[in-house]
Amino acid sequence: MTNGQTPTDYKTNARRLRDALAAEGFDISHAKALELVARQNGARDWNTLAARPVTAKADEPKGAVPFGVGETVAGTFNGNPARGRVIGLEETIKPDLWRVTIAFNPPVDVSTSKLFSSERRRIQMVVGADGRSRRLTGTETGVMALARA
């Protein structure tokens, strides 16, 4: 997100916009306020704005979001080489953990067995800022490790 703003900041802006318009006699839904805030910030809609990676302010530490929607990533999945594109990204309730959806091309073998193969084109996992998969408890599973390609 531009200017170091997070989805929470944009939601606050939407609430303020909704309250200001209500004071002037214009009642709009919260969803409509979110869409208006998205357009004010150059995004097509709320989902596009919420999926933008956070760009840290000059005085903030960098590296909060592992990837951005549309970026190409590469690494491993269950020890197998993996390459794909980020098609979804959302915050979780845990700080510094993100739910990411990856479209793999070529498909990646997700099986850990030598006797069985199961290729997947799309995976959704929770990752930390380092691009490694986590459980929602914050512990590493070692399943996926991706970085910008």
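Per chain, the residues get numbers from 1 upward, laid out in the order the sequence is written. It should be noted that, the model being predicted, local features are given only for residues of pLDDT at least 70 and side-chain atom pairs only at 80 or more, the latter also being counted only at that level, while totals for whole chains, interfaces and linings use all residues. Processing note: side-chain calculations cover all non-hydrogen atoms of the structure and skip hydrogens and water entirely.

Q: Is there a simple way to explain the layout of surface pockets in this structure?
A: Over the atoms rolls a probe the size of a water molecule, and its path tells where empty space is left. Approximately 170 Å³ is the volume attributed to the largest pocket. Residues are called lining when one of their atoms sits within 4 Å of a cavity or pocket point, these points coming from a 1 Å grid over the protein atoms alone, where a cavity is a set in which a 1.4 Å probe fits but cannot get out and a pocket is an open set with protein on both sides within 12 Å along at least five of seven lines. Every residue along the wall of the largest pocket is listed here: Pro7, Lys11, Trp46, Asn47, Ala50, Ala51, Leu89, Glu90, Glu91 and Trp98. Those elements giving two or more residues to the lining of the largest pocket turn out to be α1 (7-23), α3 (46-51) and β2 (80-91). A helix here means a DSSP run of H or I that spans at least four residues, while a strand means a run of E at least two residues long, and both kinds are numbered starting from the N terminus. Sort the elements by how many residues they give to the lining of the largest pocket and α3 lands first, with 4 residues. Across the lining of the largest pocket, the residue classes break down as 6 nonpolar, 1 polar and 3 charged. Grid points are joined across faces, edges and corners, and a volume is the space filled by probe spheres set on the points. Three categories are distinguished: nonpolar for Ala, Val, Leu, Ile, Met, Phe, Trp, Tyr, Cys and Pro, charged for Asp, Glu, Lys and Arg, and polar for the others, with Gly belonging to the last.

Q: Sorry, what's going on with the pairing of β2 here?
A: Residues in a regular strand point their side chains to alternate faces of the sheet. Summarising the sheet, strand β1 (residues 72-77) and β2 pair through 6 bridges and their orientation is antiparallel. Looking at β2, one finds that alanine 74 is bridged to arginine 83. What makes two strands pair is DSSP finding at least two bridges between them. Between the end of β1 and the start of β2, which pair antiparallel, lie 2 residues, with asparagine 78 showing a positive phi angle near 50°. Pairing between β2 and strand β3 (residues 97-109): 7 bridges, direction antiparallel. Looking across to β3, one finds that glycine 88 is bridged to threonine 101. Adjacent in sequence and paired antiparallel, β2 and β3 are bridged by 5 residues, among which aspartate 96 carries a positive phi angle near 65°.

Q: It is not clear to me how the pairing of β3 should be interpreted in this structure. Could you clarify?
A: When β3 meets strand β4 (residues 119-128), the two strands line up antiparallel, connected through 9 bridges. Looking at β4, one finds that valine 100 is bridged to methionine 125.

Q: Help me understand the packing of aromatic side chains in this model?
A: Aromatic ring pairs are reported here in terms of the distance separating the ring centres and the angle at which the planes meet. Stacked, edge-to-face and tilted labels apply to pairs of Phe, Tyr and Trp rings (six-membered ring for Trp) whose centres lie within 6.5 Å, assigned for plane angles under 30 degrees, over 60, and everything in between, in that order. By the definition in use, this model includes 1 aromatic pair. Geometrically, the ring pair formed by phenylalanine 77 and phenylalanine 104 is edge-to-face, given 6.2 Å between the ring centres and 70° between the ring planes. Here phenylalanine 104 lies in strand β3 and phenylalanine 77 lies in strand β1, a separation of 27 residues in the sequence. By the burial criterion, phenylalanine 77 is buried, and phenylalanine 104 matches it. With a 1.4 Å probe rolled over the protein chains alone, any residue whose accessible area is under 20% of its type maximum counts as buried; one over 50% counts as exposed, and the rest are partly exposed.

Q: Any chance you could explain the pattern of salt bridges here in plain terms?
A: Opposite charge on two side chains permits pairing when their charged atoms draw close. For this document, the term salt bridge refers to a Lys or Arg side-chain nitrogen within 4 Å of an Asp or Glu carboxyl oxygen. Following the criterion strictly, the structure yields 2 salt bridges and no others. As a salt-bridge pair, arginine 148 and glutamate 71 come within 2.9 Å of each other at their nearest N and O atoms. A residue pair is termed long-range when its members are at least 10 positions apart, and arginine 148 in strand β6 (residues 140-148) and glutamate 71 in the loop between α3 and β1 qualify at 77 residues. Taking the relative accessible area as the measure of exposure, arginine 148 reaches 46% and is therefore partly exposed. Residue glutamate 71 is classed as partly exposed on the basis of its relative accessible area, which comes to 25%.

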